[in-house]
Amino acid sequence: MKIGVLALQGAVAEHLKSISSAGAEGIAIKHIEQLSEVAGLIIPGGESTTIGKLMRKYGFIEAIREFSEQGKPIFGTCAGLIVLAKDIEGSEEPHLGLMNISVSRNAFGRQRESFETDLDIKGIEQPVRAVFIRAPLISQVGEGVEVLSEYQDEIVTAREGHLLASSFHPELTDDYRLHQYFVDMVKQQSM
Ligand code: GLN
């Protein structure tokens, strides 16, 4: 089972490590041609405007939309969640615009720019250690979107069919259970 990590900018190596802890093989994706080698894709955290620009420049917008149309699972973390969203508050154009959510960038304010907490996530038994860094939150979910976790009444993890998104960085701890959850989504999809 091969899972790609979009390697244009951001926390790529850490995702590759978590994917392998979850029992799959991670591949850094630098060219659109490589997408045909993988059954699922992670879009990492970093800076969403930069990632979006690079995606446009290298043809990833169309290529990942096609990947998604084939029902192949995609997991966006932090900036990756912003890249997946249909609506980014503050009038910016969406990037991939695949997931039926509205997001608010840098939503936790200066004092809480970066913090760690334990989160209850639907489908995972014990709380998951979550690292938030200038994190976005999901301000609204549309039809077909299931909320998987909230932090202080704000939505921070959601799933819409084959699309998964988290406000936090699950790759920055040794707790790889959300990656395991995604690997299981990819397994089920490719059966
Ligand atoms: N604040 C960043 C953005 O808006 C996301 C931060 C992150 O990915 N850790 O793109």
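Computed from a prediction, not measured in an experiment: that's the story for all the values here.

Observations regarding the site of the ligand
Line of reasoning, step 1. The environment of the ligand is made up of Gly 45, Gly 46, Glu 47, Ser 48, Cys 78, Ala 79, Ile 82, Arg 105, Asn 106, Ile 133, Arg 134 and His 169.
Line of reasoning, step 2. The separation between an oxygen atom of the ligand and a polar main-chain atom of Ser 48 is 2.7 Å.
Line of reasoning, step 3. Expressed as a share of its isolated accessible area of 300 Å², the protein-covered part of the ligand is 94%.
Line of reasoning, step 4. A per-class count over the shell around the ligand returns 4 nonpolar, 5 polar and 3 charged.

Quick word on the environment of Asp 174
Line of reasoning, step 1. Looking at where Asp 174 falls in the secondary structure, it is placed in the loop between β12 (163-166) and α5 (177-189).
Line of reasoning, step 2. Looking at Asp 174, the relative accessible area reads 67%, which means it is exposed.

Here we look at helix α1 (residues 12-21)
Line of reasoning, step 1. Within α1, the full set of buried residues consists of Val 12, His 15, Ser 18 and Ile 19. One side of α1 carries all its buried residues, which in axial view fall inside an arc of 125°. Among the exposed residues of α1, those oriented more than 90 degrees off its buried face are Ala 13 and Lys 17.
Line of reasoning, step 2. On its buried face, α1 sits against β1 (2-6), β2 (25-29), β3 (40-43), β4 (74-77) and α5.
Line of reasoning, step 3. Positioned one or two residues after α1, Gly 23 has a phi angle of 90°, which is positive.

Thoughts on helix α3 (residues 60-69)
Line of reasoning, step 1. Regarding α3, the residues found buried are Phe 60, Ile 61, Ala 63, Ile 64, Phe 67 and Ser 68.
Line of reasoning, step 2. Looking at the buried positions of α3, the neighbouring elements they touch are β1, β2, β3, α2 (48-57), β4 and β12.
Line of reasoning, step 3. Among the residues trailing α3, Gly 71 stands out with phi positive, at a value near 80°.

Cut-offs and rules
Residues numbered from 1 in each chain as written. Predicted model: local features only at pLDDT ≥ 70, side-chain atom pairs only at ≥ 80, totals over all residues. Heavy atoms only, no water. Near = heavy atom within 4 Å. Polar contact = N/O pair within 3.5 Å; in protein donor to acceptor, adjacent residues only side chain to side chain. Areas by Shrake-Rupley, 256 points an atom, 1.4 Å probe, with all protein chains shown as cover. Nonpolar A, V, L, I, M, F, W, Y, C, P; charged D, E, K, R; others polar. Helix = DSSP H or I, 4+ residues; strand = E, 2+ residues; numbered from the N terminus. Buried < 20%, exposed > 50% of the residue type's maximum accessible area, 1.4 Å probe, protein only. Arc of directions from axis to C-beta. Contact = heavy atoms within 4.5 Å.

Function cannot be read off these values alone, since they describe shape.
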